[in-house]
Amino acid sequence: ITNYMKEHYREELSLEALAEVFGYTPAYISRMFQKYAGINYKDYLQGVRVEYAFAELNRAEHTVSEVAFHHEKNRIVPFIGTDIKKTKKCSCLDK
């Protein structure tokens, strides 16, 4: 499941969509994710998105806004402001 999430992180990956792909109920995937990964699926997915965004930023091919748009089209401001700070413990965006 985690490999699938890493391959499809730019898509809308709801718990329901994951359950459908793997033939489980959303509740089962949620419980198993928490049990084995120690984190809920949504936080894990956001962490994957932030990691890929940081990798793209490190290549310096795009601006922060462009990277955020590519990785979180529907949530650009929260992605830049809250999710990156939370995941990377980064205060570099406070300025």
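In what follows, the accompanying structure is described. Since the model is a prediction, treat every value here as computed from it, not as a measurement.

## Some thoughts on the environment of Leu45
Next up, step 1: For Leu45, the location among the structural elements is in helix 4 (residues 41–58).
Next up, step 2: In the structure, Leu45 is positioned 31 residues away from Ser14 in sequence and 9.7 Å away in space, judged by C-alpha atoms.

## With respect to a nonpolar patch on the surface
Next up, step 1: Where nonpolar side chains cluster on the molecular surface, the patch consists of Ile1, Tyr24 and Tyr28 and spans about 270 Å² of accessible area.
Next up, step 2: Mapped onto the fold, Tyr24 is located in the loop between helix 2 (15–22) and helix 3 (26–37).
Next up, step 3: Accessibility expressed as a relative area gives 42% for Tyr24, which makes it partly exposed.

## Comments concerning the packing of helix 2 against helix 3
Next up, step 1: At a closest axis distance of 8 Å, the pairing of helix 2 and helix 3 adopts a crossing angle of 100°. Considering the angle they form, helix 2 stands roughly perpendicular to helix 3. Each of Leu15, Glu16, Leu18 and Ala19 in helix 2 lies in contact with helix 3, whose residues at this interface are Pro26, Ile29 and Ser30.
Next up, step 2: Of the residues belonging to the contact of helix 2 with helix 3, the class tally is 5 nonpolar, 1 polar and 1 charged.

## Here we look at the packing of aromatic side chains
Here a ring pair, both rings aromatic, is described through the centre-centre distance and the interplanar angle of the planes.
Next up, step 1: Applying the stated criterion across every chain yields a total of 4 aromatic pairs.
Next up, step 2: Ring geometry for Tyr9 versus Tyr52: centroids 4.3 Å apart, planes at 10°, classification stacked. Of this pair, Tyr9 sits in the loop between helix 1 (2–7) and helix 2 while Tyr52 is found in helix 4, placing the two residues 43 residues apart along the sequence.
Next up, step 3: Residue Tyr9 is classed as buried on the basis of its relative accessible area, which comes to 9%.

## Details of helix 2
Next up, step 1: Considered for burial, the residues of helix 2 that qualify are Leu15, Leu18 and Ala19. Down the axis, helix 2 shows its buried residues gathered within 100° of arc, on one side only.
Next up, step 2: On its buried face, helix 2 sits against helix 1, helix 3 and helix 4.
Next up, step 3: Where helix 2 terminates, the next one or two residues include Gly23, which has phi positive at roughly 75°.

About the cut-offs
Residues numbered from 1 in each chain as written. Predicted model: local features only at pLDDT ≥ 70, side-chain atom pairs only at ≥ 80, totals over all residues. Heavy atoms only, no water. Helix = DSSP H or I, 4+ residues; strand = E, 2+ residues; numbered from the N terminus. Patch = residues over 30% accessible without salt bridge, like charges linked within 9 Å, V, L, I, M, F, W, Y side chains within 5 Å. Areas by Shrake-Rupley, 256 points an atom, 1.4 Å probe, with all protein chains shown as cover. Salt bridge = Lys/Arg side-chain N within 4 Å of Asp/Glu carboxyl O. Buried < 20%, exposed > 50% of the residue type's maximum accessible area, 1.4 Å probe, protein only. Axes fitted to C-alpha atoms, helices over the stretch in contact; angles between N-to-C directions. Parallel < 35°, antiparallel > 145°, perpendicular 65-115°, else oblique. Contact = heavy atoms within 4.5 Å. Nonpolar A, V, L, I, M, F, W, Y, C, P; charged D, E, K, R; others polar. Phe/Tyr/Trp six-rings, centres within 6.5 Å; stacked < 30°, edge-to-face > 60°. Arc of directions from axis to C-beta.

From the geometry alone we can't say anything about function, so treat these as descriptive.
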